Amino acid sequence: MQVSQLIGSWYDSHKRSLPWRENPEPYRIWLSEIILQQTRVNQGMPYYTRFTERFPTLRELADASLDAVLLAWEGLGYYNRAHNLHRAAQTIRDEHQGIFPSDYSSIRALPGIGDYTAAAIASLAFNLPYAAVDGNVYRVLSRILGIPDPVDTSSGKKTFQNAANSLLDRQLPGRHNQAMIELGALVCLPKNPQCSSCPVQHCCWAFKEGITRELPTKNKKSRIRNRYFHYLAIWQDHNLYIKQRNAKDIWPMLYELPLIETPHPAELETLMLSREWQTLFHGTKVTLLNTSRSYLHKLSHQHIHARFYKIKVEPDYTLEEYRAVPADEFNRYAFPKLILSYFNTMKQ
DNA sequence: AAGACGTGGCG
DNA sequence: TCGCCAAGTCT
């Protein structure tokens, strides 16, 4: 029996029942694939439910505001996925008559859809013969076939794509791709793979050699940048001033508080002498109510060291470019987790 | 083409 | 604890 047949029939009897597998239609398959990019099933599940409830159809997603989409995405991270999801929905509405495109190159051309996601949608939704290669598949292929190439280089990626292409079950590409991924997610785990439950243990190179732990290989080690955020929680009566971030940098178009960033740690006294402080307050009377603890918010490539200063300003003052919002309306805006965790401590 | 982009779970 | 990583894409 072929490797792909063994994995395919293993999949038939071991696959999880997941909401997007219940009633497979292109919109829901696409939505699930975007949510699951770099995201665990357990983390993405509630977001999939939320999206299908708030935006039951592709049309409703396309017609929604970006703010509404970001609010539904709040807390899931990699927020450009939400931007691209929204843009792709509008592209399908405007250029594909609202019908999800059914050929690979049209799917691949949509924003937020790369090689993996295009192959996944093409095979799962339209049964087209494209091999989807994600992190799970890298693991499965590198171990079964003993491929030592690093998975985070362009040449390594080509090697794995070629291996996946030649292994693809062209009769049932959708099942094949899901089976490869499911095997990586349930059995061929990064640490402690469950080789005793593996349908292809007998023909696995890494198992035979006893080096499953060494595969797959990677080259890069990421460097961490430190950033120092000083958030000003400026209260005026019962309103807090908030502002939307710009589209570049982290948390694109999410909301936050007035921010002063410094390249190094800084005390409030220093901030009060800064140009940003002058721009915000230009000499108006401010009262410091309290200073939060220091927060360390770890992102994949940077550590955000944050502190929140609760400040009161007088009623006659207005902060241009910011929006004064009462606490019971915070949930109308999408905030990064860092801001949300500060809000949570305020409720006490 | 190397680096940026979130968050949470795990050993 | 803390580094690693989880169904990648974009620039």
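Scroll up to find the structure this text is about.
Not measured: the values here are computed from a predicted model.

### Quick look at helix α4 (residues 41–54)
Because the α-helix completes a turn every 3.6 residues, residues three or four places apart line up on one side. Helix length check: α4, at 14 residues, gives a terminal C-alpha distance of 20 Å against a target of 20 Å (1.5 Å per residue), a fit within 8%. Restricting attention to buried positions, one finds in α4 the residues Val41, Gly44, Tyr47, Tyr48, Phe51 and Thr52. Buried residues of α4, seen end-on, are gathered within an arc of 135 degrees and therefore sit on one face of the element. Of the exposed residues in α4, the ones pointing more than 90 degrees away from its buried face are Asn42 and Glu53. Tucked into the core, α4 has its buried residues touching α2 (19–22), α3 (26–35), α5 (58–63), α6 (66–73) and α7 (80–95).

### Examining the protein's contact with DNA strand B
Looking at DNA strand B, there are 20 residues lining it, with Arg40, Trp251, His297, Gln302 and Lys337 nearest. In DNA strand B, atoms within 4 Å of the protein come from the sugar-phosphate backbone in 53% of cases. Between DNA strand B and the protein, one listed contact pairs a phosphate oxygen with a side-chain N or O atom of Asp249 at 3.4 Å. In this structure, Trp251 approaches DNA strand B through a main-chain N or O atom, which is 2.6 Å from a phosphate oxygen.

### Things to note about the protein's contact with DNA strand C
Taken together, 22 residues lie around DNA strand C, and Gly112, Thr117, Asp134, Asn136 and Pro190 are the ones closest in. Within 4 Å of the protein, the atoms of DNA strand C are drawn from sugar and phosphate moieties in a proportion of 66%. Contacts to DNA strand C include Arg16, whose side-chain N or O atom sits 3.2 Å from a base nitrogen. A distance of 3.2 Å is found between a base nitrogen of DNA strand C and a side-chain nitrogen or oxygen belonging to Arg40. For the surface near DNA strand C, the secondary-structure elements that each account for two or more residues are α9 (115–126) and α10 (135–145).

### Description of the pairing of strand β6 (residues 295–298)
Pairing between β6 and strand β7 (residues 302–313): four bridges, direction antiparallel. Looking at the pairing, Leu296 lines up with His305 of β7. Taking the residues between adjacent antiparallel strands as the criterion, β6 and β7 are bridged by three residues.

### Concerning unusual backbone geometry
Here Leu215 and Pro216 are connected by a cis peptide whose omega angle stands at -5 degrees. Its identity is not glycine, yet Asn192 carries a phi of approximately 50 degrees, on the positive side. Among the secondary structure elements, Asn192 is positioned in the loop between α12 (173–186) and α13 (205–209). Although it is not a glycine, Asp237 sits at a positive phi angle of roughly 60 degrees. The residue Asp237 is located in the loop between β1 (225–236) and β2 (239–244) in this model.

Rules and cut-offs
- Residues numbered from 1 in each chain as written.
- Chains lettered and ligands numbered in written order.
- Predicted model: local features only at pLDDT ≥ 70, side-chain atom pairs only at ≥ 80, totals over all residues.
- Heavy atoms only, no water.
- Helix = DSSP H or I, 4+ residues; strand = E, 2+ residues; numbered from the N terminus.
- Expected span 1.5 Å × (residues − 1).
- Buried < 20%, exposed > 50% of the residue type's maximum accessible area, 1.4 Å probe, protein only.
- Arc of directions from axis to C-beta.
- Contact = heavy atoms within 4.5 Å.
- Near = heavy atom within 4 Å.
- Polar contact = N/O pair within 3.5 Å; in protein donor to acceptor, adjacent residues only side chain to side chain.
- Pairing = 2+ DSSP bridges.

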